[in-house]
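Analysis of the macromolecular model
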Amino acid sequence: MKKIKYLLFLILSMSLLTSCFDDETGLELNAEGPNIVTFDRIVDNLTGVAELGGAEYTFLKKIRVVGPTVSELTNDIIVDAEIATGTTADGTMYRINNLPLTLTAENNYLGLLSITITTLGNEPPAEGTPEADTYEAPVLNLKLVATGDANVIASGKIGQYTLNFTPRNPWAGDYDAHVIYRHPTATGGTYPDNIYSEEDIVKTLTGITARKCEVGWFAIWEGEISWITVNSDNTITYLVDSTWPYDVKAGDPNRPDLISHYDPADGKLYLYYHYAGTGGNRIFWEVFTPKF
């Protein structure tokens, strides 16, 4: 047993010793190796909403020189980029604004590559369509080229940029929201005459996807977050953030015929929802009339 323990100890010691030599060798090689030009982030997303008439979005991506003797460099480094294998984006989708890029000692060999994406003519298919099921966002792959100093080379790593063209959300914007709030006990009346409050509130719907909007309100309470999703059949799915203490459910329990929906004829959103509280259901009817 002692021999086995000793043998295991010997193997472990040799392994640790070998690792130390490998680490030292690696450090020595790094100390003697070249400096490299590289993207600060190798994989990234460039996102833009396909607004009516098209829109452009510009992104600044860091490029830097790293390596063992960066502090000793004095020459300017000229950086260019080549379109690399795997690129599926074409020239109508993007442009690179500032190549070649000059990295200088004064700026610690840090530069910003400017890339603009344009949505005009590049709108992705709408959610819920057959085309959307097979759609793949275009990709722009870039390979850096560096000149100006023999001690600086390109890293060889490919910058992979996915062009996330987001479909325009036609429901995003400002609305006049007319809210009717029925309370089962506070008014002394019975349904449908138990209206506790009736208010007109300006609410902003912010597009999250092509069909989903976020609202900074729940019913008459500002600061509570909710989401309105217009489905492909124009019905509406309404969700309230989990910070709201009650379970909000769809519809008016007294009127099964009332279903939340979007009416393309007048552009209005009709919401019906409720939650159970002490004494019975709190019921809400809400009509969003667009201000745009």
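Worth saying up front: this structure is predicted, and the values here are computed from it rather than measured. (Residues numbered from 1 in each chain as written. Predicted model: local features only at pLDDT ≥ 70, side-chain atom pairs only at ≥ 80, totals over all residues. Heavy atoms only, no water.)

**Overview of the overall build of the chain**
In terms of helices and strands, the chain carries 2 helices and 19 strands. Of all 292 residues assigned to the chain, the portion counted as buried reaches 35%. In the chain, once contacts between residues fewer than 6 apart in sequence are set aside, the share between residues at least 24 apart is 62%. If you sum the accessible surface of the chain, you get close to 16700 Å²; carbon and sulfur atoms cover 54% of it. (Helix = DSSP H or I, 4+ residues; strand = E, 2+ residues; numbered from the N terminus. Buried < 20%, exposed > 50% of the residue type's maximum accessible area, 1.4 Å probe, protein only. Contact = heavy atoms within 4.5 Å. Areas by Shrake-Rupley, 256 points an atom, 1.4 Å probe, with all protein chains shown as cover.)

**Let's talk about the sheet that holds strand E6 (residues 101-103)**
Taken in spatial order, the 5 strands line up as E2-E10-E8-E4-E6 in an open sheet, and their pairing is mixed. Every interior strand has two partners, whereas the edge strands, strand E2 (43-49) and E6, have only one. When the angles between neighbouring strand axes are averaged without regard to direction, this sheet yields 30 degrees. In the sheet, strand E4 (residues 77-83) pairs with strand E8 (residues 139-147) via 6 bridges, with the strands oriented antiparallel. Across the sheet, the residue bridging to Ile78 is Thr147, located in E8. (Pairing = 2+ DSSP bridges. Axes fitted to C-alpha atoms, helices over the stretch in contact; angles between N-to-C directions.)

**Some words on the pairing of strand E13 (residues 212-218)**
By the bridge criterion, 3 bridges tie strand E12 (residues 195-207) to E13 in an arrangement that is antiparallel. Along E13, the bridge assignment pairs Leu205 with Val215. Taken together, E12 and the strand that follows it, E13, pair antiparallel across an intervening segment of 4 residues. When E13 meets strand E14 (residues 221-230), the two strands line up antiparallel, connected through 6 bridges. By the bridge assignment, Cys213 is partnered in E14 with Ile228. Once E13 ends, the chain turns through 2 residues before running back antiparallel as E14, passing Ala219 with a positive phi of about 55 degrees.

**Topic: the environment of Ser226**
Take Ser226: it is sitting in strand E14. For Ser226, a relative accessible area of 1% translates into the label buried. A C-alpha to C-alpha distance of 9.9 Å links Ser226 and Leu205, two positions 21 residues apart in sequence. When sequence neighbours within four positions are dropped, the list of residues in contact with Ser226 reads Cys213, Glu214, Val215, Trp217, Tyr238, Leu239 and Val240. A distance of 2.7 Å separates the side chain of Ser226 from the backbone oxygen of Trp217, its partner in a polar contact. (Polar contact = N/O pair within 3.5 Å; in protein donor to acceptor, adjacent residues only side chain to side chain.)

**What to know about the environment of Asp90**
With respect to the helices, strands and loops of the structure, Asp90 is situated in the loop between E4 and strand E5 (94-96). A C-alpha to C-alpha distance of 9.0 Å links Asp90 and Val139, two positions 49 residues apart in sequence. Of the polar contacts made by the side chain of Asp90, one reaches the side chain of Thr92; its length is 2.5 Å.

**Let's talk about the environment of Val70**
Residue position: Val70 is located in the loop between strand E3 (56-66) and E4. Taking the C-alpha atoms as reference points, Val70 and Asn151, 81 residues apart in sequence, are found 9.2 Å from one another. Not counting residues within four places of it along the chain, the set of residues in contact with Val70 comprises Asn35, Val65 and Tyr109.

**Focus on the sheet that holds E5**
If you walk across this open sheet you meet the 5 strands as E5-E7-E3-E1-E9, and the pairing is mixed. Every interior strand has two partners, whereas the edge strands, E5 and strand E9 (152-154), have only one. Neighbour-to-neighbour, the strand axes of the sheet open up by a mean angle of 25 degrees, direction not taken into account. Across 3 bridges, the pairing between strand E1 (residues 35-39) and E9 is parallel. Of the residues in E9, the one forming a bridge with Ile36 is Ile153.

**Observations regarding the confidence of the model for the chain**
Parts of the model with low pLDDT should not have their predicted coordinates read in detail. Summarising the model, the chain shows a mean pLDDT of 89, and 89% of its residues fall at 70 or more. Per-residue pLDDT stays below 50 along residues 1-30; that stretch engages in 1 contact with residues further than four places along the chain or on separate chains. (pLDDT = per-residue confidence, 0-100.)

**What about unusual backbone geometry?**
For the peptide bond that leads from Leu99 to Pro100, omega is -5 degrees, which places it in the cis range. The omega torsion across Tyr191 and Pro192 is 5 degrees, close enough to zero to call that bond cis. In this fold, Pro192 is placed in the loop between strand E11 (173-182) and E12. Even without a glycine there, the phi angle at Asn108 is positive, about 55 degrees. For Asn108, the location among the structural elements is in the loop between E6 and strand E7 (110-118). Even without glycine at this site, Ala219 takes up a positive phi of about 55 degrees. Along the chain, Ala219 falls in the loop between E13 and E14. Note on Ala219: relative accessible area 0%, which makes it buried.

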